Amino acid sequence: RASLAKQSGVRRYTEDKYEYHRKEDYKNKSNRHIFLIQHANHKTCTSSDKKLTAEGYEQADLTGKRLAKLSKGPGMAKKRRAIQFKHIIYSPQTTTRETAERISKHLPSVTMLSCDSLNEGPPIQTSQDPDWKPDLDHLETAFRKYIYRPDPEQAEDTYETMVCHADLIRYIVCKSLQLPLKAWSRMSLYHSSVTKLVVQQDGNVRLKMLGDAGFMPHNLLTKP
């Protein structure tokens, strides 16, 4: 966890080596804001090609409007500035792709990127099959790829949106807050809800939202 832990010597990975920086090198106090979006409600079927329901499209639209409102600024506290999302990164599975595409309609200037690392995978035993094992390598790859401290040179806060799956979101939350993975099963997320993490330059991670769906009417609140 050297990439996140608060310590006097900080490792920052580059393509060919690790470089070391003191805490004093982090002068800008800029943060990485990561919005993790649980995919919207989908049709029940045995195929992996699960398309969103009409209800799911409504949920994704409301999430898109919520993020667009944040990017415009009005309606928030006067001290807060409008934010600029860097990317919408999504799992290529149908549910997440369609959710991301719906959200993107409300953030047309934000680049969309597909990433296999954001695919689903439960982190603890959920099957009665004794030979079944969770794909922790996959989950850890996603965590290390996206949850890291800002570069010392980063002068301003950055904002990224990732549309993925409940199991992966809960795994990332547990790892980020240094909670035991068993806590994963005690979290529940609504479809198209918003979870927000803030990764600070000193390595601390703060959970600002967990499964927020307060912007949706009650009749659209559904869970996996």
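Up top is the structure these notes are about.
A brief structural summary. Every value quoted in this text rests on a predicted model; they were computed, and no experiment measured them.

**A closer look at unusual backbone geometry**
Even without being glycine, Gln178 reaches a positive phi, approximately 60 degrees. Within the element layout of this structure, Gln178 appears in the loop between α4 (166-176) and β7 (194-199). Look at Ser192: it is not a glycine, yet its phi comes out positive at around 65 degrees.

**Description of helix α2 (residues 94-104)**
Counting buried positions along α2 gives eight out of 11 residues, so the element sits mostly inside the fold. Among the residues of α2, Thr94, Thr95, Thr96, Glu98, Thr99, Ala100, Ile103 and Ser104 are the ones counted as buried.

**Remarks on the pattern of salt bridges**
Across all of its chains, the model carries six salt bridges by this definition. Note that Arg97 and Glu101 form a salt bridge whose closest N and O atoms lie 3.3 Å from each other. One end of the pair is Arg97 and the other is Glu101, both in helix α2 and four residues apart, which spans about a single turn. Among the residues examined, Glu101 registers a relative accessible area of 36% and is labelled partly exposed. Several salt bridges share partner residues, and in doing so they unite Glu140, Arg144 and Lys175 into one network.

**Here's the deal with the pairing of strand β8 (residues 205-212)**
By the bridge criterion, five bridges tie β7 to β8 in an arrangement that is antiparallel. What sits directly across from Val199, in β8, is Val205.

**Thoughts on the environment of Lys196**
Relative to the elements of secondary structure, Lys196 occurs in strand β7. Judged by its relative accessible area of 14%, Lys196 falls in the buried class. When the C-alpha positions of Lys196 and Leu36 are compared, they lie 6.1 Å apart, and in sequence the two are 160 residues distant. Ignoring anything within four residues of it in the chain, the contact list for Lys196 reads His33, Ile34, Phe35, Arg206, Leu207, Lys208 and Met209. A polar contact is formed between the side chain of Lys196 and the side chain of His33, at a distance of 3.5 Å.

Criteria and thresholds
Residues numbered from 1 in each chain as written. Predicted model: local features only at pLDDT ≥ 70, side-chain atom pairs only at ≥ 80, totals over all residues. Heavy atoms only, no water. Helix = DSSP H or I, 4+ residues; strand = E, 2+ residues; numbered from the N terminus. Buried < 20%, exposed > 50% of the residue type's maximum accessible area, 1.4 Å probe, protein only. Salt bridge = Lys/Arg side-chain N within 4 Å of Asp/Glu carboxyl O. Pairing = 2+ DSSP bridges. Contact = heavy atoms within 4.5 Å. Polar contact = N/O pair within 3.5 Å; in protein donor to acceptor, adjacent residues only side chain to side chain.

Coordinates in, geometry out; function isn't part of it.
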